Amino acid sequence: MTALPKFNAYINGQWVPPSDGRYFETVNPYTSKVWAEVARCTPEDANRAVEVAHAQLTTGEWSKLNATQRGALVHKLGDLIKENAQELAEYEVRDNGKLLNEMLAQCNYLPQWFYYYGGLADKIEGSVIPIDKAEIFNFTRHEPIGVVAAITPWNSPLLLLAFKLAPALAAGCTLVIKPSEFTSTSTLKLMELVEKAGFPPGVVNVVTGFGAEAGAALVEHPKVAKVAFTGGTESGAYVYQQAAKTLKRCTLELGGKSPNIVFDDAVIDDAVKGAISGIFAATGQTCIAGSRLLVQDGIYDEFVKRLVEFARSARMGDPMDTNTQVGPVTTPPQYQKILQYIEVAKSEGAEVLLGGGPASGPECGDSQWFVQPTIFGGVHNKMRIAQEEVFGPVLSIIRFKTDEEAVEIANDIAFGLAAGVWTQSIKRALKVSAAIRAGTIWVNTYRAISYMSPFGGYKMSGLGRENGIEGMKEYLQTKSVWISTAADVPNPFVMR
Ligand code: NAD
């Protein structure tokens, strides 16, 4: 029997085994087979990584680079990602079972984050304040916030890491990354490129393993200044509480239950495709899934008929096959959770219009984690299936009559990550976009993102913004410097 590939942690530019020698298994969701072993990092490993990251930040070679030099390294990393996109995408698919088409598109797009933020690195300027005091020169500096703990989920490991890594490096921060325990390998492969780009050792580190072990140690460490977290709302809220103990800054990109609203003046074919891409692309395993489809009364029957027909034709299969449209669910707990929600929806009285259970057949290979693309009609917004994040290929359709009712339903939820609006009326588009409480609104499109445009959640979907110039500011802090030009020190007993 051949030994499985073994992946070690990446600390201080070295590939290091975990301090207690333990590894965990990583499984390919399409074959249901263990394909590699990954270091189960301990709190001790995490602490070591923070110490080296802190040393680089404060006294190391990294701390002495100017912003243009930092930007050039970030740009170089973008070039290397571009050259290696196919390989990185294949590692992603082996770990998370999402479509190669989707992961390759993401990996091909990743360099843009590094070009954009690499270019921004030396354009962050402080200002001279026209201060209201005599003989004082006052100016601001925007300094790196410090060591960043970047904690990522399994659904789009490298894309969600790029949202953090590129701006943090451009800002001059150092990082310790903790990828999801289900998808560690693409992040480790990326470290080969970090090394090749020429980053000093210790600037970017990866500790693999579990949230409660390596992850928690990072969140608790007093030398970590900021936690950049993407994951579930429950874990995010817990991480936020833990981080508060040492007053860390946090950006939290959490769950969603996004409304995708189809008005009666929408171009039906476009809206059908938008609804499909909102939920079945990525097997529904995306935080921005348009999992609540709100359809206006006048077109409800016609729209739902066409949607179900289209969804029925979705091809399940091997995610590595570029003809596949729906792949397996990534993890066994996620698979169980999706099936439980399907049962909850049935027991709440929702009508199964498509699917409604586990999928099996030759197209599913040896995978035990395929779920049928599922559509529920007759859903009311108060049902659990409409209120809770399923994170799977399960769509709930809700009927509405007026624009006001659509907005009310859209906002009647704890989350606020994104929303879709399908209409040909510009008035309606603007009015509804303003009224929906979510961080991203798409009109006549769905799932568009860019390195340039801020992304983040309202309400329980998160805190702070990633991407764009706002995304860079999350890794900077402002210092105000006061210089006296007075000939002598004025009365020391009076505040100036
Ligand atoms: P998760 O919360 O279980 O895990 C996310 C990461 O946090 C993992 O690396 C995990 O090990 C780590 N973690 C868990 N508990 C921790 C702790 N106590 N301390 C430190 N680290 C801890 O989420 P998941 O199942 O990997 O991902 C799915 C969730 O992510 C969904 O809810 C989805 O909506 C959300 N998500 C959000 C966005 C967004 O941008 N808003 C994007 C993708 C996914």
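For the structure, check the block above.
Residues numbered from 1 in each chain as written. Predicted model: local features only at pLDDT ≥ 70, side-chain atom pairs only at ≥ 80, totals over all residues. Heavy atoms only, no water.

## Looking at the nonpolar core
Okay, step 1: Ranked by size, the top nonpolar core spans 90 residues in total, and within it Leu165, Phe199, Phe303 and Leu307 carry the most contacts.
Okay, step 2: Broken down by element, this core gets its largest block of residues, twelve residues, from helix 7 (residues 157–171).
Okay, step 3: Built from parts of two domains, this core gets at least three residues from each of domain 1 (6–254 + 461–480) and domain 2 (259–443).
Okay, step 4: Within the second largest apolar cluster, 31 residues are counted, among which are Tyr335, Ile338, Val394 and Ile436. (Core = buried A, V, L, I, M, F, W, Y, C linked by side-chain atoms within 4.5 Å. Buried < 20%, exposed > 50% of the residue type's maximum accessible area, 1.4 Å probe, protein only. Helix = DSSP H or I, 4+ residues; strand = E, 2+ residues; numbered from the N terminus. Domains from an automatic or database assignment.)

## Observations concerning the side chain of threonine 440
Okay, step 1: Summarising the element assignment, threonine 440 is placed in strand 22 (residues 440–443).
Okay, step 2: For threonine 440, a relative accessible area of 11% puts it in the buried group.
Okay, step 3: Beyond its immediate chain neighbours, meaning those up to four positions away, threonine 440 contacts Leu417, Ala418, Ala419, Pro454, Phe455 and Gly456. (Contact = heavy atoms within 4.5 Å.)

## Notes on the site of the ligand
Okay, step 1: The local shell around the ligand holds 29 residues, among which Lys178, Glu181, Ser235, Leu254 and Glu389 are the closest.
Okay, step 2: At a separation of 3.0 Å, an oxygen atom of the ligand approaches a polar side-chain atom of tryptophan 154.
Okay, step 3: Here the ligand, which alone exposes 850 Å², has 88% of that area covered by the protein.
Okay, step 4: Both of domain 1 (6–254 + 461–480) and domain 2 (259–443) provide at least three residues apiece to the shell around the ligand. (Near = heavy atom within 4 Å. Polar contact = N/O pair within 3.5 Å; in protein donor to acceptor, adjacent residues only side chain to side chain. Areas by Shrake-Rupley, 256 points an atom, 1.4 Å probe, with all protein chains shown as cover.)

## Quick notes on the environment of lysine 133
Okay, step 1: Considering the arrangement of structural elements, one finds lysine 133 in the loop between strand 6 (128–129) and strand 7 (136–144).
Okay, step 2: In this structure, the C-alpha to C-alpha distance between lysine 133 and serine 484, residues 351 residues apart in sequence, is 9.8 Å.
Okay, step 3: Among residues more than four places away in sequence, those in contact with lysine 133 are Trp482 and Arg496.

## Brief notes about unusual backbone geometry
Apart from glycine, the bulk of residues carry a negative phi angle, and the bulk of peptide bonds sit in the trans form.
Okay, step 1: Backbone geometry places leucine 247, a non-glycine residue, at a positive phi of 50 degrees.
Okay, step 2: Along the chain, leucine 247 falls in the loop between helix 10 (233–244) and strand 12 (249–253).
Okay, step 3: Despite not being glycine, threonine 283 shows a phi value in the positive range, around 50 degrees.

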